[in-house]
Amino acid sequence: MNYYIKIATPNKAKADIDEISKQLGYTDLAYKDYGSGGAGRFMTKLFGVLHILTTMRKGDVLFLQYPMKKFYKMATTFAHWRGAKVVTVIHDLGAFRRHKLTPEQENHRLDKTDFIICHNDTMAKYLREHGYKGGLHSLEIFDYLSDYPVKNQKPTFKLKNNGEASVVYAGNLGMWRNEFLYHLNGIVSNWKFNLYGKGFDLTKNTCDKLIYHGFIRSDDFIKNVHANFGLVWDGASVDECNGAWGEYLKINNPHKTSFYLRAGIPVIVWSQAAMAPFVRKYNVGIVIDSIRDIDKRLADLTADEYKTIHDNAVAMGKQLADGHYIKAGLKAAHEFFSNN
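Residues numbered from 1 in each chain as written. Predicted model: local features only at pLDDT ≥ 70, side-chain atom pairs only at ≥ 80, totals over all residues. Heavy atoms only, no water.

## Focus: the overall build of the protein chain
We apply this condition: For helices the rule is a DSSP run of H or I covering at least 4 residues; for strands it is a run of E covering at least 2, with both sets numbered from the N terminus onward. In this setup the radius of gyration rests on C-alpha atoms only. A globule is expected at 2.2 Å times the number of residues raised to 0.38. Classification of residues uses two cut-offs on accessible area relative to the type maximum, computed with a 1.4 Å probe and protein chains only: under 20% is buried, over 50% is exposed, and between them is partly exposed. Working rule for contacts: check all heavy atoms of both residues, and any pair within 4.5 Å makes them a contact. Positive charges come from Lys and Arg alone, negative charges from Asp and Glu alone, with His and the N- and C-terminal ends not counted. By convention, the point assigned to a charge is CZ for Arg, NZ for Lys, CD for Glu and CG for Asp.
In terms of regular secondary structure, the protein chain is built from 13 helices and 12 strands. For 340 residues, the compact-globule estimate of 2.2 N^0.38 gives 20 Å, and the protein chain sits close to it at 21 Å. With 340 residues in all, the protein chain has 52% of them scored as buried. Across the protein chain, contacts joining residues at least 24 apart in sequence account for 69% of those joining residues at least 6 apart. Put simply, the protein chain has 45 plus and 35 minus side-chain charges, and the middle of one group is 5 Å from the middle of the other.

See the structure below:
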């Protein structure tokens, strides 16, 4: 039997993986949902973990999402007591992002799992270098579920004919994370920059090509927003993704990439980001060194080249809507257990 522990959470990536697990026939050990508040989540996790001892048997598989805070060690320990195997999908590495753990401390936690589904090959290399010896699979990209189909939009792309391309940026727009948004004067020339989200200070805007639309629900974005590209960028600088957020982009798969592609929108990513090889491999966007490069990259892009990129992005969005990548990761885990 295959099991998971559903956690009431506002985190979209985790909620989607819970849903995909359910679709695959995994049984939820958290029989009762005690609510989305702190105490409720605590109770849901606690009883879900305790049910391992009364439910799981030798040869079963437990699928966990990491980080799981204090319950992770307990869950893996209980599963192994019962003779079960543990698969873990990583969302965040505490040692790399928040630095609340040393790599050695985090590796000690992750040693408790038999198989890891990590973000990408860069993260896989990091885990190996820090001593992880179990099974390992690179997810490539997070799936993204929505009630709306992937729109096969046909956005115009007439940059060479005196038109303007449209680039969208969605998410947390606060200066603490995205200061670059306030340094775009003279950099955005031949494209319109549409912002969606909370936290943008219009009084500090320096770019006349920037259009702020305010907050929009994710599903409404997927259903209604049309754009030629979606930008994946973090930090204070227009020339690189700098600071802690930029460093993290070098090893993680930002959910924003999945979000744009799920909406049928090709992406623009930083050349040093861990997602850059994925974008090149599947030709679902363009890769840049600096935001200053966007003008020229768009000017050099032909209508036929854009159509190919757009069609690839729509096809990718359909795969993300089906849970293709986490399904592939779980399949790899079961094959690993069968062969070892």
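Once the structure has been displayed, the description carries forward.
## Comments concerning helix H12 (residues 303-321)
An α-helical turn contains 3.6 residues, so a residue and the one three or four places further along point in the same direction. Which entries qualify depends on this criterion: To estimate how far a helix should extend, the number of its residues minus one is multiplied by 1.5 Å. Our arc is simply the arc of the directions from the helix axis toward the C-beta atoms.
Taking 1.5 Å of rise per residue, 19 residues should cover 27 Å, and H12 covers 27 Å from first to last C-alpha, within 8% of that figure. Where H12 is concerned, the buried positions are Tyr306, Ile309, His310, Ala313, Val314, Met316, Gly317 and Leu320. Along H12, the residues classed as buried sweep out an arc of 165° about the axis, all on the same side. Tucked inside the fold, the buried residues of H12 contact strand S10 (229-232), helix H9 (255-262), helix H10 (276-282), strand S12 (285-288) and helix H13 (324-339).

## Observations concerning the pattern of salt bridges
Applied cut-off: Criterion for a salt bridge: a side-chain nitrogen of Lys or Arg within 4 Å of a carboxyl oxygen of Asp or Glu.
Scanning the entire structure with this criterion turns up nine salt bridges. A salt bridge links Asp220 to Arg217, with the nearest nitrogen and oxygen atoms 3.3 Å apart. We note a salt bridge from Asp322 to Lys327, for which the minimum N-O separation is 3.6 Å. A relative accessible area of 44% places Asp322 in the partly exposed class. A relative accessible area of 25% places Lys327 in the partly exposed class.

## Side note on a nonpolar patch on the surface
Put simply, the rule is: Patch membership requires over 30% relative accessible area and the absence of a salt bridge. Like charges are linked within 9 Å, and nonpolar side chains (Val, Leu, Ile, Met, Phe, Trp, Tyr) within 5 Å. Accessible surface area values rest on a Shrake-Rupley calculation with a 1.4 Å probe, where residue burial reflects the displayed protein chains alone.
Where nonpolar side chains cluster on the molecular surface, the patch consists of Tyr34, Phe47, Leu50, Leu53 and Trp81 and spans about 470 Å² of accessible area. As for its placement among the helices and strands, Phe47 is situated in helix H2 (residues 38-55).

## Re the packing of aromatic side chains
Put simply, the rule is: Here the aromatic set is Phe, Tyr and Trp, taking the six-membered ring for Trp, and pairing holds for ring centres within 6.5 Å; pairs whose planes are under 30 degrees apart are stacked, those over 60 apart are edge-to-face, and all others are tilted. Criterion for a charge above a ring: Arg CZ or Lys NZ at most 6 Å from the ring centre, at most 35 degrees from the ring normal.
With the rule as written, the count across this model stands at 21 aromatic pairs. When the ring of Phe115 is compared with that of Phe337, the centres are 6.3 Å apart and the planes differ by 70°; the resulting orientation is edge-to-face. Of this pair, Phe115 sits in strand S5 (residues 115-118) while Phe337 is found in helix H13, placing the two residues 222 residues apart along the sequence. As far as burial versus exposure is concerned, Phe115 and Phe337 are alike and both buried. Between Tyr169 and Phe180, the aromatic rings sit 5.5 Å apart at their centres with planes inclined by 80°, giving edge-to-face as the arrangement. Residue Tyr169 is located in strand S7 (residues 165-172), and its partner Phe180 is located in the loop between helix H6 (175-178) and strand S8 (191-198); the two are separated by 11 residues in the primary sequence. We classify Tyr169 as buried; its relative accessible area is 0%. Aromatic rings pair up to connect Tyr144, Tyr196, Phe221, Phe259 and Tyr260 into one cluster. Positioned over the ring face of Tyr144 is Lys12, at 4.8 Å from the centre of the ring.

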